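# Fold and contact review
If you want the building blocks of each chain, they are given just below.
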Amino acid sequence: MSTPDLNLLLTLDAVLAEGSVARAATRLRLSPSAMSRALARLRETTGDPLLVRAGRGLVPTPRALELRGQVTQLVQDAQALLRPAEKLDLGQLSQTFTLRTSDGFVENFGPALIARINAEAPDVRLCFIPKLNKDSTLLRDGSVDLETGVVGDATSPEVRTRALFRDRFIGVVRSGHPLSQLAMTPAVYASGKHVLVSRRLHNKGPMADVLKPFGLERDVAITVGGFSAALALARASDLIATVPERHTGNLRTGMHSFVLPFPADEITVSMLCHPRMDADPAHRWLRECVWEVCAGLDAVYD
């Protein structure tokens, strides 16, 4: 069975509303001959003449009268669907957004983001879930509305990204740690026991390559999956944690932070979303909130 031409719905609506082929043609900006051909296709498709001559005019058949209300509603619904989205009313927006982020992002940027959301759209709720990998499946299937993190090879190519801020790695130890009294050098840094942040087994982290030219290697005593866990262990022991400075600002309160005594690559933390959410007004507003909150909290480097 062939798919019907849905453009005929517009023709049918115009013909039934006007009761005249000429007026329907004018309404749809068609020539009379084009309108006559469209009416012929309608009659063939519906198996009904729809309009029949009565004196000098045309009158609808019972089938046409039966269709009139349905067709008008269908056309109005279709036109409403195809209009640009109406201006977002944040005061009436009631929606839950799911954000996949690290604990550090929630700790540092969550309070400001929540305050911004509550001030503009009090009925909006945020659901933060942990980011255990960089796979984009949850963005693609709509389970997650927005992610933050470093873009990697596992990020799907269709995912849209926007840089939020740049960050650098620093060293962190507990307050009163013996290393906090020393001039920091590569040898001093490598002399202590370290807590490594890695989600992969047998990964020595980026600092391993940086220390190689100095003929040094870290003594990794503990490996954990996130920066908050690394800092919690460093706060309660003599372990050294190496973490992104801006990403862990609040988590490091009361600890001793120091600039690494060797050059290390900076990282760019980005916002990630799926292109199917690009034009949605609510999602666009959420993305702008996240970007402005992150842009407004400047990194402070020593």
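What you see is a predicted model; the values in this text were computed from it and never measured.

Rules and cut-offs
Residues numbered from 1 in each chain as written. Predicted model: local features only at pLDDT ≥ 70, side-chain atom pairs only at ≥ 80, totals over all residues. Heavy atoms only, no water. Core = buried A, V, L, I, M, F, W, Y, C linked by side-chain atoms within 4.5 Å. Buried < 20%, exposed > 50% of the residue type's maximum accessible area, 1.4 Å probe, protein only. Helix = DSSP H or I, 4+ residues; strand = E, 2+ residues; numbered from the N terminus. Contact = heavy atoms within 4.5 Å. 1 Å grid on protein atoms, 1.4 Å probe; cavity = no way out; pocket = protein on both sides within 12 Å on 5 of 7 lines; lining within 4 Å. Points joined across faces, edges and corners; volume = space filled by probe spheres on them. Nonpolar A, V, L, I, M, F, W, Y, C, P; charged D, E, K, R; others polar. Expected span 1.5 Å × (residues − 1). Arc of directions from axis to C-beta. pLDDT = per-residue confidence, 0-100. Axes fitted to C-alpha atoms, helices over the stretch in contact; angles between N-to-C directions. Parallel < 35°, antiparallel > 145°, perpendicular 65-115°, else oblique. Left-handed = near helix turned anticlockwise from the far one by under 90°. Phe/Tyr/Trp six-rings, centres within 6.5 Å; stacked < 30°, edge-to-face > 60°. Lys NZ or Arg CZ within 6 Å of the ring centre and 35° of its normal. Salt bridge = Lys/Arg side-chain N within 4 Å of Asp/Glu carboxyl O.

## Remarks on the nonpolar core
One finds Tyr189, Trp285, Leu286 and Val290 to be the most contacted residues of the largest nonpolar core, which totals 34 residues. Secondary structure elements with two or more residues in this core: β3 (96-101), α5 (103-120), β6 (160-167), β7 (169-173), α7 (186-191), α8 (206-211), β12 (267-273) and α10 (281-296). The element contributing the most residues to this core is α10, with 7 residues. Among residues more than four places away in sequence, those in contact with Leu286 are Phe97, Leu99, Ile117, Leu126 and Leu146.

## A few points about the layout of surface pockets
Considering only enclosed or pocket space, the largest pocket measures out at about 1200 Å³ in volume. The wall of the largest pocket is formed by 37 residues, among which Lys134, Val150, Val197, Arg199 and Phe227 lie closest to the centre. Within the residue set of the lining of the largest pocket, elements represented by two or more residues are α5, β5 (146-149), β8 (193-197), α8, α9 (227-235), β10 (240-244) and β12. Along the lines of polarity and charge, the residues of the lining of the largest pocket split into 15 nonpolar, 14 polar and 8 charged. Of the voids in this model, the second largest pocket is the one considered here, and its volume is about 220 Å³. If you go around the second largest pocket, you meet 14 residues; those closest to its centre are Leu9, Leu12, Leu42, Thr45 and Thr46. If you list the elements that add at least two residues to the lining of the second largest pocket, you get α1 (7-18), α3 (32-46) and α4 (62-82). The class makeup of the residues in the lining of the second largest pocket is 9 nonpolar, 3 polar and 2 charged.

## Notes on unusual backbone geometry
Positive phi outside glycine occurs at Arg29, with the angle close to 60°. As for its position among the elements, Arg29 is in the loop between α2 (21-28) and α3. Phi at Leu50 takes a positive value of approximately 70°, unusual for a residue other than glycine. Mapped onto the elements of the fold, Leu50 is located in the loop between α3 and β1 (51-54).

## A few points about α3
Residue pairs spaced three or four apart in an α-helix point in one direction, given the helix's 3.6 residues per turn. The terminal C-alpha atoms of α3, which comprises 15 residues, lie 21 Å apart, in line with the 21 Å expected from a rise of 1.5 Å per residue. All of the buried residues in α3 are Ala34, Met35, Ala38, Leu39 and Leu42. Considered in projection along α3, the buried side chains sweep an arc of 140° and stay on one side of the axis. On the buried face of α3, the contacting elements are α1 and α2. Positive backbone phi, approximately 70°, marks Gly47, located one or two places after α3.

## Structural notes on the confidence of the model for the protein chain
For the protein chain, mean pLDDT is 88; residues scoring 70 or higher make up 95% of the total. Segment residues 298-302 is flagged for pLDDT under 50; beyond a separation of four residues in sequence, or across chains, it makes 11 contacts in the model.

## Quick look at the packing of α1 against α2
Each pair of packed helices gets described by two things: the angle between the helix axes and the distance between those axes. Taken N-terminus to C-terminus, the directions of α1 and α2 make an angle of 130°; their axes are 8 Å apart at the nearest point. As judged from the angle between their axes, α1 and α2 are oblique. Seen from above, α1 lies across α2 with right-handed handedness. For the pair α1 and α2, the contacting residues are Leu10, Thr11, Asp13, Ala14, Val15, Ala17 and Glu18 in the first and Arg23, Ala24, Arg27 and Leu28 in the second.

## Points about empty space enclosed by the protein
Scanning all chains against the criterion turns up 1 cavity of 30 Å³ or more. Leu139, Gly142, Val144, Asp145, Cys273, His274, Arg276 and Met277 are the residues that line the largest cavity. Counted by class, the lining of the largest cavity contains 4 nonpolar, 2 polar and 2 charged residues.

## A look at the packing of aromatic side chains
Counted under the stated rule, the structure contains 5 aromatic pairs. Each ring, one from Tyr189 and one from Phe258, has its centre 6.5 Å from the other, and the planes form 75°; the classification is edge-to-face. With Tyr189 in helix α7 and Phe258 in strand β11 (residues 256-259), this pair connects stretches of sequence that are 69 residues apart. Since its relative accessible area comes to 7%, Phe258 is described here as buried. Here the guanidinium or amino end of Arg162 rests over the ring plane of Trp291, the centre of that ring lying 4.2 Å away.

## A few points about the pattern of salt bridges
Scanning the model with the defined rule gives 17 salt bridges in all. Arg63 serves as the salt-bridge partner of Glu66, at 3.4 Å between the closest nitrogen and oxygen. You can see Glu66 and its partner Arg63 sitting in helix α4, 3 residues apart, about one turn around the helix. For Glu66, a relative accessible area of 48% corresponds to the partly exposed category. Salt-bridge contacts for Lys193 lead to Asp219; the nearest nitrogen and oxygen are separated by 2.9 Å. Here Lys193 is found in strand β8, whereas its partner Asp219 is found in strand β9 (residues 219-224), with 26 residues between them in sequence. In this structure Lys193 comes out as partly exposed when scored by relative accessible area, which is 47%. Salt bridges here are not isolated pairs; linked through shared partners, they connect Asp13, Glu18, Arg23 and Arg27.

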